[in-house]
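Letter by letter, the chains look like this.
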Amino acid sequence: TMETQVNLSFTPEYEIVGAAPTKLTFNAHLGAPLVVEDTAKRSTVSLTAVIDKSGSMRGKKLNLVKQTCNFMLNQLSSNDKMGLVEYCTDVNELIPLSRASDAFKAEAANVINSMRSGSFTNLSGGLFEGVRQQQGNTFVDWDKPAASAPAPASPPAEPN
């Protein structure tokens, strides 16, 4: 049977607050019924996460970003693509735009979980690198290593 119930829950930013009036922030989670989709009919999702890992993101903020990236990663089908750019003082393409195969997802989760906070913020550099990654529209297919070369550390990029 297919479940048709929609669930909505809220989690406060802080577990305990004082008696004085205060502004509260909540995380809302909406659970919808699972829809079995025909991936042939759905357009490919091409996603580049551009992550601020500057010193101001240290601790809970960066941990929440990692959880969110892992959630997004797990929602992608094998027809979708994902890349990851991090920025603080420097800008780094941690994950080139790649097809979201099972092999890719396992390695991408390791990369996401190993992110650490840095120092200053180079927002424009991070944004420009994320846009560049999408404009090139080339991606890595982790299930198709280069036939003419020995097993590379990263699979080759191929056009979409």
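Rules used throughout
- Residues numbered from 1 in each chain as written.
- Predicted model: local features only at pLDDT ≥ 70, side-chain atom pairs only at ≥ 80, totals over all residues.
- Heavy atoms only, no water.
- pLDDT = per-residue confidence, 0-100.
- Helix = DSSP H or I, 4+ residues; strand = E, 2+ residues; numbered from the N terminus.
- Expected span 1.5 Å × (residues − 1).
- Buried < 20%, exposed > 50% of the residue type's maximum accessible area, 1.4 Å probe, protein only.
- Arc of directions from axis to C-beta.
- Lys, Arg positive; Asp, Glu negative; His and termini not counted.
- Salt bridge = Lys/Arg side-chain N within 4 Å of Asp/Glu carboxyl O.
- Polar contact = N/O pair within 3.5 Å; in protein donor to acceptor, adjacent residues only side chain to side chain.
- Contact = heavy atoms within 4.5 Å.
- Axes fitted to C-alpha atoms, helices over the stretch in contact; angles between N-to-C directions.
- Parallel < 35°, antiparallel > 145°, perpendicular 65-115°, else oblique.
- Nonpolar A, V, L, I, M, F, W, Y, C, P; charged D, E, K, R; others polar.

**Details of the confidence of the model for the protein**
Okay, step 1: This prediction gives the protein a mean pLDDT of 80; 82% of its residues lie at or above 70.
Okay, step 2: Per-element averaging of pLDDT across the protein places strand β7 (residues 157-159) at the bottom with 46 and helix α2 (residues 102-113) at the top with 92.

**A closer look at helix α1 (residues 60-75)**
Okay, step 1: Over its 16 residues, α1 extends 23 Å from the first C-alpha to the last, a length consistent with the 22 Å expected when each residue adds 1.5 Å.
Okay, step 2: Every buried residue belonging to α1 is among L62, V65, K66, C69, N70 and L73, and all of these are buried. End-on view of α1: buried residues confined to an arc of 135°, all on one side of the axis. Along α1, exposed side chains directed more than 90 degrees from the buried face belong to K60, Q67, N74 and Q75.

**Focus: the side chain of D52**
Okay, step 1: Considering the arrangement of structural elements, one finds D52 in strand β3 (residues 46-52).
Okay, step 2: Buried charge without a partner: D52 forms no salt bridge, and the closest opposite charge is K61, 8.2 Å away.
Okay, step 3: A distance of 2.7 Å separates a polar atom in the side chain of D52 from a polar atom in the side chain of S54.
Okay, step 4: For D52, the residues in contact, after removing those within four places along its chain, are M57, L62, Y87 and T121.

**Re the packing of α1 against α2**
Helix-helix packing is characterised by the crossing angle of the two axes and by the distance between the axes.
Okay, step 1: Orientation of α1 relative to α2, taken along the N-to-C sense of each, is 170°, at an axis distance of 10 Å. Considering the angle they form, α1 stands roughly antiparallel to α2. Every residue of α2 that contacts α1 at K66, C69, N70, L73 and N74 is listed here: F104, K105, A108, A109, I112 and N113.
Okay, step 2: Residue composition of the contact of α1 with α2, by class: 6 nonpolar, 3 polar and 2 charged.

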